Amino acid sequence: MKRLLAFLLATGLVVAGAVWLADQPGEVVIHWQGWRVDTTVPVLLAALVVLLLLLGVAGRLAWLILGAPGRLMRARLAARTRKGYVALSDGLAAVAAGDRRAAARLARKADTLLRDKAVTGLLTVQAAQMSGDAQHLHHYYQTMTERPETAFLGFKGLLELALKQGERSEAREAAARALALQPAADGIAATLYDLQMEAGQLTEAELTLAVARRHSSLPAAELARRRALVSLARAEAAQAAGDTAAALALALDARDVQPDLIPAVSLAAGLYRQAGKDRKAALLLQSAFRATPHPELVTQWAALGGTDTPLERVKRMQRLVETNPASPDGHLALAEAALNAKLWGQARTHLDTARTQRPSPRVFAQLARLERDEKHDEAAALAWLAQATTSGADPAWICRSCGHAAPVFSVCCPACAAPGRMEWR
Ligand SMILES: [Zn+2]
C-alpha cells in the first residue's frame, strides 16, 4: 500500500514537472562545428534524459561483458572451496570410522582443493598417522612448526615420531622446542629429562627439572626422585674421575633428597669408609636399613668390619639387623654370618624365618650349605637346592620399562637406557 502510494506520488510529480516544463517558454540555439540546432528547453531536457538513460544501459552492458570472467572465476573458486570442505569433513569422518584408505584419499583431495595447510593439516596428519607413513608425517609436523598456532603440536608430533623411530637426538631437540613453547605441557618435561639423562646431559636434565618445578608439570615426589637421580649420576661421574670428596657430597645430596635411594646411601657409605669415617658410614647404613632393609646395605656394613673374626662379624651384623628385625634380608644376613662362625643353631633359625618370609634361591642355597657344613648331608643339601629351582627368583634390580633384571643398580637401564626405572623387587 505504501509502495503504491509512493509510486503514485512519484508519477504525479514527474507528470506535473513535465507539464510545467512544457508550459515554460524558451528556446535554445546550439552552434557546434558548423551545425546549428534550434529547439525548445523541454525538448532539450527530454533529449538529455534519453541520452543519460542510454549511457546507463551501455554501462550496465559493459559491466556484464567485462566482469564475466572474474565472476566465473569467483564462482569456480567458491565451488572448489565448498568441495574442499566436504572432502575435509568426509575425511575426518573416515578417520573417526578408522577407514585408513578413504582418510588418505580425502586428505589429499582436501589438500588439493583448499590449498591451506592450516585448515587441512589435522586431517592430513591423522591420515598419515593411520597409514603409518612416517615420511609424510615428518613433513607435515615440520610444516606445523612454522605457524605459531600449531608449532607446539608440530614439535610434539616430531618428538613422538623420533621416539618411535629411535632417533634419540632428534627426539631430544623436538622435546626441548616443545617445552620452550609450552613449559607446563603434560609429559614433555618428563620425556625431555629422560632423553637428557640417557645422553648423560646432567646439567640440561637439571634445567628441565627446574622448568617442571616452576610450572608444576611434575608432582613434587617425582621431582625429588628425578633430582636425586641426577645427583647420584653426578656422584658416580665424580667418583669415576677420582674426585671422591665431590662424589661423597653429591651422593649425600641424592640421599637427602630421596632417603630410600639405596645406591646413593651405599655409595656414600663406601666413600665414608674409604675416607676412614667408619662411624659416619655406620650411622648412615643403620638409618637407611631401618627404613629400607636392602642387601646392598648389608654388604657395605660387612665391609666396615674388615679385620673382624667370624664371631665379631655376627655381633656386628646383629647391630645392623636390630634396626629392622623383621626383614628377610636381615635374617639372611645373620644366617650367613652365623654359618661363617659355625653357629649352626642360629643359622638354621634365621634361615627358617627367611624361608617362611620369602623362599628364594639364595635362602635355599644357604640351607644346602648348612646341611653340608654342619652334617655333611649331601642328600639333604641337594633336596634344598631342588626347591630353589621351583621357588620365586631372588630380588633384583628390575627395569620398570623393559623388565630387564640386573644384580646391580644403574641410573639408566643397561637394556633400554631409560633413567630411574630400576626397582628392587
Ligand atoms: Zn629397561
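Residues numbered from 1 in each chain as written. Predicted model: local features only at pLDDT ≥ 70, side-chain atom pairs only at ≥ 80, totals over all residues. Heavy atoms only, no water.

A. Structural context of the overall build of the protein. Scanning the protein from N- to C-terminus turns up 20 helices and five strands. Here the C-alpha radius of gyration of the protein, 44 Å, is well above what a compact globule of 425 residues would show, namely 22 Å. Seen along its three principal axes, the alpha-carbon backbone of the protein occupies a region of about 150 × 45 × 45 Å. In the protein, of all internal contacts separated by at least 6 residues, the share reaching a separation of at least 24 is 46%. Total accessible area computed for the protein in this model is approximately 24,200 Å², and 60% of it derives from carbon and sulfur atoms. Charge separation in the protein, taken as the distance between the mean sites of 50 positive and 40 negative side-chain charges, equals 6 Å. (Helix = DSSP H or I, 4+ residues; strand = E, 2+ residues; numbered from the N terminus. Rg over C-alpha atoms; globule rule 2.2 N^0.38 Å. Contact = heavy atoms within 4.5 Å. Areas by Shrake-Rupley, 256 points an atom, 1.4 Å probe, with all protein chains shown as cover. Lys, Arg positive; Asp, Glu negative; His and termini not counted. Charge placed at Lys NZ, Arg CZ, Asp CG, Glu CD.)

B. Representation of the nonpolar core within the structure. Met197, Leu232 and Met317 are the most contacted members of the largest nonpolar core, which has 78 residues in total. If we skip the residues at most four places from it in the chain, Met317 touches Val298, Trp301, Ala302, Ala333, Leu334 and Ala337. Counting 15 residues, the second largest nonpolar core, distinct from the first, contains Leu351, Ala354, Val363 and Leu367. (Core = buried A, V, L, I, M, F, W, Y, C linked by side-chain atoms within 4.5 Å. Buried < 20%, exposed > 50% of the residue type's maximum accessible area, 1.4 Å probe, protein only.)

C. The arrangement of the coordination of the zinc ion in detail. Coordination of the zinc ion by the protein involves Cys399 (SG), Cys402 (SG), Cys413 (SG) and Cys416 (SG), with metal-donor separations of 2.3 Å. With four donor atoms in place around the zinc ion and angles of 107 to 113° between them, the coordination shape is tetrahedral. Of note, the donors binding the zinc ion are all from one chain and are spaced C-x2-C-x10-C-x2-C. Note that Cys399 is positioned in strand E3 (residues 397-399) and Cys413 in the loop between strand E4 (405-406) and strand E5 (422-424), a separation of 14 residues in sequence. Look at Cys413 and you get buried, because its relative accessible area is 3%. (Donors = N, O, S within 2.8 Å, 3.2 Å for Na, K, Ca; no water. Tetrahedral: all angles 85-135°; square planar, octahedral: opposite > 155°, others 65-115°.)

D. Expanded view of unusual backbone geometry. Not every positive phi belongs to a glycine, and Gln33 is a case in point at roughly 55°. Inspection of the secondary structure assignment puts Gln33 in the loop between strand E1 (27-32) and strand E2 (35-40). Taking the relative accessible area as the measure of exposure, Gln33 reaches 66% and is therefore exposed. Positive phi is not limited to glycine here, since Ala417 has a value of about 70°.

E. Examining the pattern of salt bridges more closely. On inspection of all chains with the given rule, the structure shows 21 salt bridges. Ionic pairing is found between Asp308 and Arg316, a salt bridge with its closest N-O pair at 2.7 Å. For Arg316, a relative accessible area of 17% corresponds to the buried category. Across the pair Glu378 and Arg372 runs a salt bridge whose closest N-O atoms are separated by 3.0 Å. Residue classification places Glu378 among the partly exposed residues on the basis of a relative accessible area of 38%. In this structure, a network of salt bridges that share partners links the residues Asp194, Glu222, Arg225, Arg226 and Arg421. (Salt bridge = Lys/Arg side-chain N within 4 Å of Asp/Glu carboxyl O.)

F. Just the pairing of E1, in detail. In this sheet, E2 lies alongside E1 in antiparallel orientation, the contact comprising six bridges. Each bridged residue has a counterpart across the sheet, and for Val29 the counterpart in E2 is Asp38. Between the end of E1 and the start of E2, which pair antiparallel, lie two residues, with Gln33 showing a positive phi angle near 55°. (Pairing = 2+ DSSP bridges.)

G. The arrangement of the sheet that holds E3 in detail. Taken together, the three strands give an open sheet; going across it, the order is E4-E3-E5, and neighbouring strands pair in antiparallel fashion. A single partner strand is all that each edge strand has here, and the edge strands are E4 and E5. Taken together, the three bridges between E3 and E5 define a ladder with antiparallel strand orientation. When the bridges of E5 are listed, Ile398 appears paired with Glu423.

H. Local environment of the side chain of Arg172. Within the fold, Arg172 resides in helix H8 (residues 168-181). Here Arg172 occupies a buried position and makes no salt bridge, while the nearest side chain of opposite charge, Glu198, is found at 5.8 Å. In contact with Arg172, not counting residues within four places along its chain, are Leu192, Leu195, Gln196, Ala199 and Gln201.

I. Representation of a nonpolar patch on the surface in the model. Taken together, the side chains of Val57, Leu61, Trp63, Leu64, Ile65 and Leu66 define a hydrophobic patch exposed on the protein surface, amounting to about 660 Å² of accessible area. Inspection of the secondary structure assignment puts Leu64 in helix H2 (residues 41-66). Taking the relative accessible area as the measure of exposure, Leu64 reaches 38% and is therefore partly exposed. (Patch = residues over 30% accessible without salt bridge, like charges linked within 9 Å, V, L, I, M, F, W, Y side chains within 5 Å.)

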